[in-house]
Structure formats: structure tokens, C-alpha cells
Amino acid sequence: CSGTDLPGAAHPREMNVPTCFDVTIDNGVAHLRLNRPDELNTMTPAFWTELPTIVREIDAQASARAIVISSTGRHFCAGMDLSVFTGGSGLATNGGATEVGRQRSHLFMMVQQLQDSFTALEQARMPVLAAVQGGAIGGAVDMICAADMRYASADAFFCIQEINIGMTADVGTLQRLPKLIPEGVARELAYTGDRMSAQRALEVGLVNQVFEDHDALVSGVLDIAGRIATRSPLAIWGTKEMINFTRDHSVADALKYMAGWQSGMFQPTDMLEEFAAKGERRDPSFDELPTRPDGI
């Protein structure tokens, strides 16, 4: 698999070319494609560092206004690659510790590191859209649950595979999925390991739309991301921030947070530009988000 350097950055930073993704940025939309189709796009040790690095670089540089994650081949992603558990890297090393308590503490940190790889999708200031074809299995469900929206091709299916191999899903599915679909449905999937079809995923609200095939899926999701990219990036950031905060807090707390955010972030410039663009029958033009300070 191959990748490209991130274009369009106001202040470029060095980043290694990814091995698990192709990355392009066009018209404000970053397109990340899982690109190990012969291996069913399983999540190798490199995947867990490349994904958050790419997303955080796009966010830090404000080099896109929306991010699309799609895939290649028969399946979107077959979940964790066995190499994460074996060999000289990943969960098998115990961080060099020999004492049991320290070995367990290493695993505790490793699980959190894996979780943080997907939390990066939530923390990005721009929306993340997942386009799923074929199977989204195991860790792939953890990943798409951290996206803002999910879309599927007609042949897609979703499976919480961990229960089928004797373990509890631990990278975000059990924490996020019950907030996306009815809790009883989430529990059934988590307890049985059954597959959920694209149509059923649409019915319960896991995906926003089902497309006929893979090509239509990617084209359609890029089009939606393109429409998002025409909106004020500051207003989009605020909207994402509020939805994420509201999910995890009371209505009263979320309203107070909204008031605080709006008192500082709301400025009339973008609103006036929207009105002017509509009156002049042209596309609006907005300043990009500021780049993040180095090291954040």
C-alpha cells in the first residue's frame, strides 16, 4: 500500500508516508483510503499510529474541512491484525516488564493507546465520514462508531467480532454504539456476535444512507463531505463540539457550555459572508480554521 504527503497545509510538518492509507486532499475534503485489500485491510501495528497521526495532522494544519474514510477491496476492514498480538511489537512485548503487575500496567496503557487512535476522530475539529463496503468487523466497528456519520454499500455488514473469539470489545464499540442505536440492539449484537446487514443498520440508525455499490458509496459520501466543506469551518467546529459535549452531559450543562462557546467564538463575519454570497448568487468564501499550536 502507499500514501501521499498531506497537501494544502499552511505550515507543513514532517510526516512519514503512511503504509496503510492513501491520503488525498481536494476542495477541502481529505480522503483517507484503507489500502491493504489483499489482507482485508486488517489493522496492523502501523495502522494504530498512522490513523491518528494523519487525522491529527489534518486537524492541526486545518488542511481540510471534512474527512472521509473509505476502503478498498472486498471488505472495509476485518479488524485487528494478529501481528498486533505477536512478534516484537504490540501487545506481546509487555513493555519489557517481567513482574506481573507491571506487565498488566503495560496492557492497561496499550489498550488506552488503541482507544486514543479512534478518539482522534472525535477530537478533530472537522467532521469525519465513514464509507463502509463489505464487512466492518471487530475493530472496524470501534473505528466507525467514532466517526460523525456512517454510510454503507448494499453489501455491507457489521459485526462485533470480539465476542466470537472469547473477548470483550475494548476499543470503543461498547462505549459509543449504545449512544448511536437502541441499547437493546447494541446489546444483542455485542452478546451474539451476529452480523447486522446494511439495511438493518439503516433501520436502527447506525448508517445514514445505503448506496447501491462501492463506487456509488464513495462518490456519494465525498459529495456529502464536499457540501460540508462549503460551510463556515468555525461554525462546523462549534456544531461538532456541541453535539459531542451534549452526548456526554446533561441538557443544562450542554446549554451552559453552548452559551460560553458562543460568547467567544461567534462572530458575525461568516454570517455576513453567507448572506452576501446568497445575494450575489456565488459560493461563500471563509477563512480557514487557525492551525493548532505546535505540540498540541
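Note that residues are indexed from 1 along each chain, following the sequence as it is written. Given that this is a predicted model, residues contribute local features only at a pLDDT of at least 70 and side-chain atom pairs are listed and counted only at 80 or more, while totals for whole chains, interfaces and linings are drawn from all residues. Working from all heavy atoms in the structure, the side-chain values ignore hydrogens and water.

Caption draft 1: Spatial organisation of the sheet that holds strand β8 (residues 195-197). Across the sheet, which stays open at both edges, the three strands sit in the order β5-β7-β8 with mixed pairing between neighbours. Strands at the two margins of the open sheet, each flanked by one partner only, are β5 (135-137) and β8. Adjacent strand axes in the sheet meet at a mean angle of 20° when their direction is disregarded. For two strands to be treated as a pair, DSSP must find no fewer than two bridges joining them. Helical segments are the DSSP runs of H or I of at least four residues, strand segments are the runs of E of at least two, and each set is numbered from the N terminus. In the sheet, β5 pairs with strand β7 (residues 157-159) via three bridges, with the strands oriented parallel. Its bridge partner lying in β7, A136 is registered against F158. Helix axes are fitted only over the stretch in contact, all axes being lines through C-alpha atoms; the angle between N-to-C directions runs from 0 to 180 degrees.

Caption draft 2: How the structure looks around the side chain of S70. Here S70 is to be found in strand β3 (residues 66-70). A 1.4 Å probe rolled over the protein chains alone gives each residue an accessible area, and that area as a share of the maximum for its type sets the label: buried under 20%, exposed over 50%, partly exposed in between. We classify S70 as buried; its relative accessible area is 1%. N or O atoms within 3.5 Å of each other form a polar contact, as long as, within protein, one can give a hydrogen and the other can take it, and as long as residues adjacent in sequence are counted only when both atoms are side-chain atoms. One polar contact links S70 to H31, side chain to side chain, over a distance of 2.6 Å. Ignoring anything within four residues of it in the chain, the contact list for S70 reads H31, L32, R33, L34, F76, A131 and V218. Residue contacts are defined here by distance: any two heavy atoms, one from each residue, within 4.5 Å place the two residues in contact.

Caption draft 3: Quick peek at a nonpolar patch on the surface. Within the patch definition used here, like charges are joined within 9 Å and nonpolar side chains (Val, Leu, Ile, Met, Phe, Trp, Tyr) within 5 Å, considering only residues with over 30% relative accessible area and no salt bridge. All accessible-area figures derive from a Shrake-Rupley calculation using a 1.4 Å probe, and residue coverage is judged against the displayed protein chains alone. Put simply, a salt bridge is a Lys or Arg side-chain nitrogen that is within 4 Å of an Asp or Glu carboxyl oxygen. The grouping of F266, M271, L272 and F275 at the surface amounts to a nonpolar patch, some 420 Å² of accessible area in total. Following the sequence through the fold, F266 ends up in the loop between α9 (251-265) and α10 (268-279).

Caption draft 4: Focus on the sheet that holds strand β1 (residues 21-26). Sheet architecture is open: six strands sit in the order β1-β2-β3-β4-β6-β9, paired in mixed fashion. Where the open sheet ends on each side, the last strands, each with one partner, are β1 and β9 (209-211). Strand-to-strand, the axes of this sheet are offset by a mean angle of 20°, without reference to chain direction. Where β1 meets strand β2 (residues 29-34), six bridges bridge the pair, whose relative direction is antiparallel. When the sheet's bridge partners are listed, I25 is paired in β2 with A30.

Caption draft 5: Region of the structure containing the packing of aromatic side chains. Stacked, edge-to-face and tilted labels apply to pairs of Phe, Tyr and Trp rings (six-membered ring for Trp) whose centres lie within 6.5 Å, assigned for plane angles under 30 degrees, over 60, and everything in between, in that order. This model, assessed by the stated rule, comprises seven aromatic pairs. Ring geometry for W48 versus F118: centroids 5.0 Å apart, planes at 45°, classification tilted. One end of the pair, W48, is in helix α1 (residues 45-61); the other, F118, is in helix α2 (residues 100-123), with 70 residues separating them in the sequence. By relative accessible area, which is 0% here, F118 ends up buried. By way of ring pairs, the aromatic residues F21, F47, W48 and F118 are connected into one cluster. A ring has a charge above it when a Lys NZ or an Arg CZ is no more than 6 Å from the ring centre and no more than 35 degrees off the ring normal. Taking the ring centre of W237 as reference, the NZ or CZ of R125 above it sits at 5.3 Å. For R195, the ring lying beneath its charged end belongs to F157, and the centroid distance is 3.9 Å.

Caption draft 6: Up close: the pairing of strand β4 (residues 128-132). Among the five residues in β4, five count as buried, and that is most of the element. Burial along β4 is two-sided: V128, A130 and V132 and L129 and A131, pointing in opposite directions, are all buried. Examined bridge by bridge, β3 and β4 share three bridges and lie parallel to one another. The partner of I67 across the bridge, within β4, is V128. Two strands pair when backbone bridges link them, and β4 and strand β6 (residues 149-153) are joined in this way by four bridges, in the parallel orientation. The residue of β6 that forms the bridge with V132 is A152.

Caption draft 7: Region of interest: the confidence of the model for the protein. pLDDT measures the predictor's confidence residue by residue and takes values from 0 up to 100. Residues with a pLDDT of 70 or more make up 92% of the protein, whose mean pLDDT is 91. A low-confidence stretch, residues 1-14 stays under pLDDT 50, and its non-local contacts, those more than four residues away or across chains, total 44 contacts.

Caption draft 8: Representation of the nonpolar core within the structure. To define a nonpolar core, start from buried Ala, Val, Leu, Ile, Met, Phe, Trp, Tyr and Cys residues and group those joined through side-chain atoms within 4.5 Å. The biggest cluster of nonpolar side chains holds 54 residues, and the ones touching the most others in it are L32, F47, L51, F76 and F158. No other element matches the six residues that α1 contributes to this core. Once residues lying within four places of it in the same chain are set aside, the contact partners of F158 are V132, A136, I144, A152, D194, R195, M196, A198, A201, L206 and V207. Membership of the second largest hydrophobic core comes to 15 residues, among which are V29, Y151, V221 and I236.

Caption draft 9: Broad picture of the state of the cysteines. In plain terms, two cysteine sulfur atoms within 2.5 Å form what is called a disulfide here. A complete count under the given rule lists zero disulfides for this structure. Among the cysteines around C145, which has no disulfide bond, C159 carries the closest sulfur, lying 13 Å off. Residue classification places C145 among the buried positions, given a relative accessible area of 3%.

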